[in-house]
Structures are given as C-alpha cells and as structure tokens.
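Each chain, letter by letter, is given below.
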Amino acid sequence: KQEVTQIPAALSVPEGENLVLNCSFTDSAIYNLQWFRQDPGKGLTSLLLIQSSQREQTSGRLNASLDKSSGRSTLYIAASQPGDSATYLCAVPGGGTSYGKLTFGQGTILTVHP
Amino acid sequence: SQTIHQWPATLVQPVGSPLSLECTVEGTSNPNLYWYRQAAGRGLQLLFYSVGIGQISSEVPQNLSASRPQDRQFILSSKKLLLSDSGFYLCAGDRSGNTEAFFGQGTRLTVV
C-alpha cells in the first residue's frame, strides 16, 4: 500500500527566504507526482505535475524535483512571500488510468511572515 | 480549462438528517470523478470514484453513498448523518488523456 510522508509538518519563515518542502513515497512505481496548495477552508489548487519520466518541473518561483528510485520529491520555493502561506500537499496516483485516485501526504503548513 | 463546481460551500445539518452534495464538471467530457473527505487534523481520504455514468466504486465502508446520474454530475448522499460525517468534502476529476487531477472548492459539513 502506498504511503506518502511530508516533512516538515509546519514551517515558519521570514519573507524572502528560499525554502524546500519534502515528500517521500514508499512505492516507487508511480505514474506521476502532483503538488497542490490549499488555502484555509478552500479546495486544492494544482501547482506542479511531474511525470515519472521527468526529473523536475518549474512554474515561476516554484520548482519541483522527482527522484523516483529513492521515492522522493522536493518542492523548492524561491524568494518566499506572505502570499505563499498555505498548506502544501503532495500526492501520487494509485495506478491504472484513474489519475485522480490519489494518496496524499499530511501536508506542510507554511507561514511566511513579513 | 476544466472546472469543478461544488455546492453548498458550507452546511450545518442535525444528526439523523439526510445529505446531498452535488458536484458538476465543466470543460471536459467523460471525466473520472472522485469524492474525498478531509477530517479535522487528518489527511485527505478517498471515499468514492466513478469512471462513468452509473459506475461507482467505494474505497471505504461508511455511512455515505455516491451516484453519477450524468456524465458531468457526481452526487454524495447519506440517508442519516452521523457526527463522524463532519468534515471537508472535496470533489475531484481527471480528464481523459490527461494525468492531472483538478479539484473543486469543497463543502464544509458540520453535523450537530
């Protein structure tokens, strides 16, 4: 059974810092890995999707890497801003063509203070 | 682009009352659809998924049921709510040929 773990559980940083969020998964036979952002009381917004054949994906100040063999992914946020404060979730699909059948980590709660 | 609409945004219901949460999809056809629950202090748990009209798979035994009466409509129901049904319910989908999952804005259900 796939298990996804995220470290740290919470992170508080001053504005402007570069930071790294970690995600690990137990079964390396994944099709892709997706990073989401969740604001309090809101749904999930997809940030980045990395296919299993890719090593990394970039979107603006966000960069996500994937090392499938070691079962790890990292989300790098450059020059953090207060607006980046949210919960960040990583998730992997369970196989087959049901890509939305996801196993999620518990999330990292990020607070960026001015 | 694909969009998921969920309503209501918040709901307070007494124990023993029925429940119906609706989710509709725009911008794609024949999506796979999913219901997740996020309980307080816990992660996201997959409840049901559907690969087509009338096709429902349940992931965990529970007091809830799901139905898919139309291609872009997914409904979560209960005949009698329990206190333990409280949580944040999210509808999600993935588009045929596209591996990225997309989510609605969720419904906060409080059973009192």
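Structure's up top.
Cut-offs and rules
Residues numbered from 1 in each chain as written. Chains lettered and ligands numbered in written order. Predicted model: local features only at pLDDT ≥ 70, side-chain atom pairs only at ≥ 80, totals over all residues. Heavy atoms only, no water. Helix = DSSP H or I, 4+ residues; strand = E, 2+ residues; numbered from the N terminus. Rg over C-alpha atoms; globule rule 2.2 N^0.38 Å. Buried < 20%, exposed > 50% of the residue type's maximum accessible area, 1.4 Å probe, protein only. Areas by Shrake-Rupley, 256 points an atom, 1.4 Å probe, with all protein chains shown as cover. Lys, Arg positive; Asp, Glu negative; His and termini not counted. Charge placed at Lys NZ, Arg CZ, Asp CG, Glu CD. Core = buried A, V, L, I, M, F, W, Y, C linked by side-chain atoms within 4.5 Å. Contact = heavy atoms within 4.5 Å. Salt bridge = Lys/Arg side-chain N within 4 Å of Asp/Glu carboxyl O. 1 Å grid on protein atoms, 1.4 Å probe; cavity = no way out; pocket = protein on both sides within 12 Å on 5 of 7 lines; lining within 4 Å. Points joined across faces, edges and corners; volume = space filled by probe spheres on them. Nonpolar A, V, L, I, M, F, W, Y, C, P; charged D, E, K, R; others polar.

**A word on the overall build of chain B**
Part 1 of the reasoning: Scanning chain B from N- to C-terminus turns up 0 helices and 11 strands.
Part 2 of the reasoning: When the elements of chain B are put in sequence order from the N terminus, they spell out β-β-β-β-β-β-β-β-β-β-β.
Part 3 of the reasoning: A globule of 112 residues ought to have a C-alpha radius of gyration of about 13 Å, and chain B, at 13 Å, matches this closely.
Part 4 of the reasoning: Projected onto the principal axes, the alpha-carbon positions of chain B cover approximately 40 × 25 × 20 Å.
Part 5 of the reasoning: Going through the 112 residues of chain B one by one, you find that 51% of them count as buried.
Part 6 of the reasoning: By element, 50% of the accessible surface of chain B is carried by carbon and sulfur atoms, the whole surface being about 5100 Å².
Part 7 of the reasoning: Counting 8 positive and 7 negative side-chain charges, chain B places the averaged centre of each group 8 Å from the other.

**A look at the nonpolar core**
Side chains of a nonpolar character, in soluble globular proteins, are inclined to be buried together.
Part 1 of the reasoning: Of all hydrophobic cores here, the largest spans 22 residues; its most connected members are Phe25, Leu33, Trp35, Leu75, Ile77, Tyr88 and Leu110 of chain A.
Part 2 of the reasoning: Breaking this core down by element, the ones donating at least two residues are β3 (19-25), β4 (32-38), β5 (44-51), β7 (62-67), β8 (72-77), β9 (86-93) and β11 (108-113) of chain A.
Part 3 of the reasoning: Those residues in contact with Ile77 of chain A, other than ones at most four positions away along the chain, are Glu17, Asn18, Leu19, Arg61, Leu62, Asp84, Tyr88 and Leu110 of chain A.
Part 4 of the reasoning: Core analysis: the next-biggest nonpolar cluster, separate from the first, contains 21 residues, Val25, Phe102, Leu109 and Val111 of chain B among them.

**Considering the side chain of Asn32 of chain A**
Part 1 of the reasoning: Mapped onto the elements of the fold, Asn32 of chain A is located in strand β4.
Part 2 of the reasoning: For Asn32 of chain A, a relative accessible area of 0% corresponds to the buried category.
Part 3 of the reasoning: Each residue touching Asn32 of chain A, except ones within four places of it in the same chain, is listed here: Leu49, Ile50, Gln51, Ser52, Ala91, Val92, Pro93 and Tyr99 of chain A together with Thr99 of chain B.

**Observations concerning the pattern of salt bridges**
Side chains that differ in sign of charge can pair as their charged atoms come close.
Part 1 of the reasoning: Scanning the model with the defined rule gives 5 salt bridges over all chains in all.
Part 2 of the reasoning: For the salt bridge of Asp39 of chain A with Arg37 of chain A, the shortest nitrogen-to-oxygen distance reads 2.9 Å.
Part 3 of the reasoning: Among the residues examined, Asp39 of chain A registers a relative accessible area of 27% and is labelled partly exposed.
Part 4 of the reasoning: Between Arg37 of chain B and Asp85 of chain B there is a salt bridge, and its shortest N-O distance comes to 3.9 Å. With a gap of 48 residues between them, Arg37 of chain B in strand β4 (residues 32-38) and Asp85 of chain B in the loop between β8 (73-78) and β9 (87-94) connect regions that are remote in the sequence. You'll find Arg37 of chain B and Asp85 of chain B in the same group, each marked buried.

**Overview of unusual backbone geometry**
Part 1 of the reasoning: Of note, the bond from Ile7 of chain A into Pro8 of chain A is cis; its omega dihedral lies within 30 degrees of zero at -5 degrees.
Part 2 of the reasoning: Inspection of the secondary structure puts Pro8 of chain A in the loop between β1 (4-7) and β2 (10-14).
Part 3 of the reasoning: A cis amide bond links Trp7 of chain B with the next residue in sequence, Pro8 of chain B, at an omega value of 0 degrees.
Part 4 of the reasoning: Position of Pro8 of chain B among the secondary structure elements: in the loop between β1 (3-7) and β2 (10-13).
Part 5 of the reasoning: Here the phi dihedral of Ala79 of chain A falls at roughly 45 degrees; this positive angle occurs in a residue that is not glycine.
Part 6 of the reasoning: Structurally, Ala79 of chain A can be placed in the loop between β8 and β9.
Part 7 of the reasoning: Even without being glycine, Asn30 of chain B reaches a positive phi, approximately 50 degrees.
Part 8 of the reasoning: On the basis of relative accessible area, Asn30 of chain B is assigned to the partly exposed category, the value being 43%.

**A short note on the layout of surface pockets**
Part 1 of the reasoning: Roughly 610 Å³ of volume is contained in the largest pocket.
Part 2 of the reasoning: Residue lining of the largest pocket: 22 residues in total, with Lys1 and Thr103 of chain A together with Leu44, Gln45 and Leu46 of chain B positioned closest to the centre.
Part 3 of the reasoning: For the lining of the largest pocket, the secondary-structure elements that each account for two or more residues are β10 (102-104) of chain A together with β5 (44-52) of chain B.
Part 4 of the reasoning: Partitioning the lining of the largest pocket into residue classes produces 7 nonpolar, 9 polar and 6 charged.
Part 5 of the reasoning: Roughly 400 Å³ of volume is contained in the second largest pocket.
Part 6 of the reasoning: Forming the boundary of the second largest pocket are 23 residues, of which Gln38, Thr87 and Ile109 of chain A together with Gln38 and Arg42 of chain B lie nearest the centre.
Part 7 of the reasoning: At 3 residues, β9 of chain A tops the list of elements feeding residues into the lining of the second largest pocket.
Part 8 of the reasoning: Class assignment for the residues of the lining of the second largest pocket results in 9 nonpolar, 10 polar and 4 charged.

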